[in-house]
Amino acid sequence: MTNAVRINEEQRAQIKEIVCEILEIEPTDVTDSSLFKEDHNADSLGAIEILSSLERTFDIEIDQAELTRMVNLDGVVAVVEESLSK
């Protein structure tokens, strides 16, 4: 049994900063549910860069299959929380 890890506000802000920097989006333009591809014209390379940066920042491993869930900030946070809980 693993313990669920909750992302705190500071970590959430850090995740948002990573996403915005890689996708070259103003933080004020990103909401928790805005879609990276549809709303911000992100490409698949950006998603892979986000995954890689999150792995380095939080010292976790994220399966590339999780990219399908990492479509918005809430999805990214959920994937990071699950990876930290392992």
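Rules used in this analysis
- Residues numbered from 1 in each chain as written.
- Predicted model: local features only at pLDDT ≥ 70, side-chain atom pairs only at ≥ 80, totals over all residues.
- Heavy atoms only, no water.
- Salt bridge = Lys/Arg side-chain N within 4 Å of Asp/Glu carboxyl O.
- Buried < 20%, exposed > 50% of the residue type's maximum accessible area, 1.4 Å probe, protein only.
- Helix = DSSP H or I, 4+ residues; strand = E, 2+ residues; numbered from the N terminus.
- Axes fitted to C-alpha atoms, helices over the stretch in contact; angles between N-to-C directions.
- Left-handed = near helix turned anticlockwise from the far one by under 90°.
- Contact = heavy atoms within 4.5 Å.
- Nonpolar A, V, L, I, M, F, W, Y, C, P; charged D, E, K, R; others polar.
- 1 Å grid on protein atoms, 1.4 Å probe; cavity = no way out; pocket = protein on both sides within 12 Å on 5 of 7 lines; lining within 4 Å.
- Points joined across faces, edges and corners; volume = space filled by probe spheres on them.
- Polar contact = N/O pair within 3.5 Å; in protein donor to acceptor, adjacent residues only side chain to side chain.
- Core = buried A, V, L, I, M, F, W, Y, C linked by side-chain atoms within 4.5 Å.

**Comments concerning the pattern of salt bridges**
Logical step 1: Per the counting criterion, the structure on display carries five salt bridges.
Logical step 2: In this structure, E66 and R69 form a salt bridge, with 2.7 Å as the shortest nitrogen-oxygen distance.
Logical step 3: For E66, a relative accessible area of 21% gives the class partly exposed.
Logical step 4: In this structure, the salt-bridge partner of E82 is R69, at a minimum N-O distance of 2.9 Å. Of this pair, E82 sits in helix α4 (residues 73-85) while R69 sits in the loop between α3 (44-58) and α4, placing them 13 residues apart in sequence.
Logical step 5: Judged by its relative accessible area of 38%, E82 is partly exposed.

**Brief notes about the packing of helix α1 (residues 9-23) against α3**
Logical step 1: Where α1 contacts α3, the two axes come as close as 9 Å, and the packing angle between them is 145°. For the crossing formed where α1 meets α3, the hand is right-handed. Packed against α1, whose contacting residues are Q11, Q14, I15, I18, V19, I22 and L23, the element α3 presents G46, E49, I50, S53, L54, T57 and F58 at the interface.
Logical step 2: Residues belonging to the contact of α1 with α3 are distributed by class as follows: eight nonpolar, five polar and one charged.

**Focus on the side chain of S53**
Logical step 1: Tracing the backbone through its elements, the reader meets S53 in helix α3.
Logical step 2: A residue is classified by how much of its surface remains accessible, and S53, at 12% relative accessible area, is buried.
Logical step 3: Those residues in contact with S53 that lie beyond four places of it in its chain are I18 and I22.

**Describing the layout of surface pockets**
Logical step 1: Empty space within the largest pocket amounts to approximately 250 Å³.
Logical step 2: Looking at the largest pocket, it is lined by 15 residues, and the ones nearest its centre are K37, D43, A47, M70 and V71.
Logical step 3: The set of elements that each furnish at least two residues to the lining of the largest pocket consists of α2 (36-40) and α3.
Logical step 4: Of all the elements, α3 adds the most residues to the lining of the largest pocket, at four residues.

**Some points on the side chain of H40**
Logical step 1: Considering the arrangement of structural elements, one finds H40 in helix α2.
Logical step 2: In this structure the side chain of H40 is engaged in a polar contact, spanning 2.9 Å, whose partner is the side chain of S34.
Logical step 3: If we ignore the near neighbours within four places in the chain, the residues touching H40 are I25, D29, V30, S34 and L35.

**A short note on the nonpolar core**
Logical step 1: Membership of the largest hydrophobic core comes to 22 residues, with the highest contact counts inside it found for I15, L23, L54, I62, M70, V76 and V80.
Logical step 2: Those elements that place two or more of their residues in this core are α1, α3 and α4.
Logical step 3: Not counting the four nearest positions on each side in its chain, V76 is found in contact with I15, F36, L54 and M70.

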